[in-house]
Amino acid sequence: MSETKLIFQLSQPGRSAVSQAPKAVAEDKLSAIPAHLRRQQKPALPEVSEMQVVRHYTNLSSKNFAIDKQFYPLGSCTMKYNPRGANRAAMLPGFLNRHPLAPETHSQGFLSCMFELQNFLKEVTGMKGVSLAPMAGAQGEFAGVAMIRAYHEARGDEARTEILIPEAAHGTNPATAVMCGYKVREVPVGKDGDVDLEALKAACGPQTAGLMMTNPSTCGVFERQIEAIAKTVHEAGGLLYYDGANLNAILGKVRPGDMGFDVIHMNLHKTFATPHGGGGPGAGPVGVSERLLPYLPTPMAGQRDDDSYYWVDTDTLPTSIGHLSAFMGNAGVLLRAYYYARSLGRDGMIRVGEFSTLAANYLLKRLEAIGCTAAYPDRRASHEFILTFAKEAKELGVTAMDIAKRLLDYNQHAPTTYFPLLVPECFLIEPTETESKEALDEFVDAMAAIMEEARTEPDMVKEAPFTQPVRRLDDVKAARELDLTWSE
Amino acid sequence: MSEIPAELRYASSHEWAKNEDGTVTVGITAHAQDAMGDLVYVELPEVGQVVAAGDEAGVVESVKAASDIYAPVSGEIVEINEALEDEPELVNNAPYEGGWLFKIAMSEETDLDNLLTADQYQAQIESE
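Cut-offs applied
Residues numbered from 1 in each chain as written. Chains lettered and ligands numbered in written order. Predicted model: local features only at pLDDT ≥ 70, side-chain atom pairs only at ≥ 80, totals over all residues. UniProt positions renumbered as here; feature names shortened; annotations may be inferred. pLDDT = per-residue confidence, 0-100. Pairing = 2+ DSSP bridges. Helix = DSSP H or I, 4+ residues; strand = E, 2+ residues; numbered from the N terminus. Axes fitted to C-alpha atoms, helices over the stretch in contact; angles between N-to-C directions. Buried ≥ 20, exposed ≤ 12 C-beta atoms within 10 Å, placed from the backbone. Contact = placed C-beta atoms within 7 Å. Parallel < 35°, antiparallel > 145°, perpendicular 65-115°, else oblique. Left-handed = near helix turned anticlockwise from the far one by under 90°. Nonpolar A, V, L, I, M, F, W, Y, C, P; charged D, E, K, R; others polar.

- The name an unreviewed UniProt entry assigns to chain B is Glycine cleavage system H protein, from the organism Alcanivorax nanhaiticus.
- Taken from UniProt, the Sequence similarities (unreviewed entry) comment for chain B reads in full: "Belongs to the GcvH family."

- As annotated in an unreviewed UniProt entry, chain A carries the name Probable glycine dehydrogenase (decarboxylating) subunit 2 and comes from Alcanivorax nanhaiticus.
- The Subunit (unreviewed entry) field of the UniProt record for chain A holds the comment "The glycine cleavage system is composed of four proteins: P, T, L and H. In this organism, the P 'protein' is a heterodimer of two subunits."
- UniProt annotates chain A under Function (unreviewed entry) with the comment "The glycine cleavage system catalyzes the degradation of glycine. The P protein binds the alpha-amino group of glycine through its pyridoxal phosphate cofactor; CO(2) is released and the remaining methylamine moiety is then transferred to the lipoamide cofactor of the H protein."

### Some words on the confidence of the model for chain B
Then comes step 1: Residue-level pLDDT values for chain B average 94, and 99% of them are 70 or greater.
Then comes step 2: Predicted complex, confidence summary: ipTM 0.74, pTM 0.88.

### Notes on the sheet that holds strand β4 (residues 39-43) of chain B
Residue and element names in this part refer to chain B.
Then comes step 1: If you walk across this open sheet you meet the 3 strands as β4-β6-β7, and the pairing is antiparallel. Edge positions in the sheet fall to β4 and β7 (66-70), since each of these pairs with one other strand and no more. Averaged over all pairs of adjacent strands, the angle between their axes in this sheet comes to 20°, without regard to strand direction.
Then comes step 2: Pairing between strand β6 (residues 56-62) and β7: 5 bridges, direction antiparallel. Its bridge partner lying in β7, glutamate 56 is registered against tyrosine 70.

### Quick look at helix α14 (residues 400-409) of chain A
Residues and elements named next belong to chain A.
Then comes step 1: Most of α14 is tucked away, with 8 of its 10 residues classed as buried.
Then comes step 2: Within the span of α14, buried status applies to Ala400, Met401, Asp402, Ile403, Ala404, Lys405, Arg406 and Leu407.
Then comes step 3: Check the buried side of α14 and you find it contacts β11 (416-417), β12 (426-429), α15 (437-456) and α16 (458-463).
Then comes step 4: The first or second residue beyond α14 is asparagine 411, which carries a positive phi of 60°.

### What about the packing of α14(A) against α15(A)?
Residues and elements named next belong to chain A.
Then comes step 1: In contact at an axis separation of 10 Å, α14 and α15 are set at 125° when each is read in the N-to-C sense. Taken as axis vectors, α14 and α15 run oblique relative to one another. Two packed elements cross with a definite hand, and for α14 against α15 that hand is right-handed. Taking contact as the criterion, the partners of Ile403, Arg406 and Leu407 in α14 are, on α15, Ala446, Ile450 and Ala454.
Then comes step 2: Its residues assigned to classes, the contact of α14 with α15 comprises 5 nonpolar, no polar and 1 charged.

Following this line, the structure appears as structure tokens:
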């Protein structure tokens, strides 16, 4: 495939696209902006025709690997299909044209959807209250740990300076704890993927603010001692944080609230099938147990005795950790999740948990049968599982990265590689419930072919990919010499 | 098999320590840099910072992963390898020489006894 030029390189003076041309602005409107703040020269934008713009970006989009085109088994990311119906619902003019500052009386429909979504999420997680305010998973984590801090501070318990994090927790957890001013203490994980309970007991004390964990963990297995872990942390006076990264595996089957968690964040862009935004709008609602209810971030949707809806804000909930953004979460993303929850219903959610787990276990067994090595062969997978290619790396010189790159030539998106860090040369594979058996079988066929190639033509595999717009990129150079600005 | 100099001591978290009259130079082992892959960033402690053995004292980052560096002994940071800011690849190219990370004025000589010998470290990485 030929190299694509940048849109800037297509530019010719005087060309323009009618649909993208800026409207002329009257001088009297500009005069509101002080002269010294107005730019003196026009910005260096590409000058291209409408046809060129359409063709350029259509060609670029066709080069992407995408859930709409290929199997996308990115572990820990839950890349499931985003139903088109949810998109249609969120694009209804009544939702789309609603201004966030419109009076409550004009937003009753939207508020009722948000109020119901809060209740669905409470029900499915077993928590006592939910706020939809966080704009993404990372902000949900921040809100969760900020609530833990607010809880300890309200009790005058300021000696709690540490957050415990098992090795198999989600990668963002230590960053969140540090952002909230805590020291991180790591808790080791045993050979079976479960937390080392004795080490946890030794690490707990009056300095423990809480424990952050993911269950199922990033080892792709369900933590079997969760009740003992909750008891240990609670007895030390700490709170339990549930990272919702892997909620898909247990949706409708087990509830974090029933496991003893005090706070949870959910990634609606994972579990509730809203689009992953490539850094764009996400949604990371938080749920809490009874004792953290006073600290939930605002605004939230509330319901009055006369069944009308209103915004719950810091005037009625002064103990709240406050606002996380100018308004409340990403409205369009929350509406998509609302549609998804309503269309599945209780029975549908249970099937999500069951089929995501079934798909992962089917794929694991078939891959083991063609000679792949499971990292936890004695454990049943949750909705994702880990393979390790340490043997292939040692004996054939073919690494997990080589196999991942070769998968692209077979039109399969590579799974997550080299994560979690505690398993060498690993793949973290998550097929999700939305893939058919045929799609899973195609992935197995591709892997079987590559495993054979690794034995017979290892040097070829190390050079992959061959069929993509670019060959293997120098990601070390890209990281060391970051260059994101176009210049002539 | 990666090089493991016999005269150094090792932490199970893959740092090496070289004692010269109470000043301990710290780096990561050849095995550790090999497992990390090409480093793209090294975060070092500040000179004057006081650390206890086992404290986080820096981060090495490759395109695959970021990994904490732990102080193998207690004491005060007296020097850092500033060349790594522009050339993190020194750690890959010469982990025991030009790729050293920082030096600690050791406060407890006995901390060294808690570290592994070359033979013990060799045994550890073989069992991993």
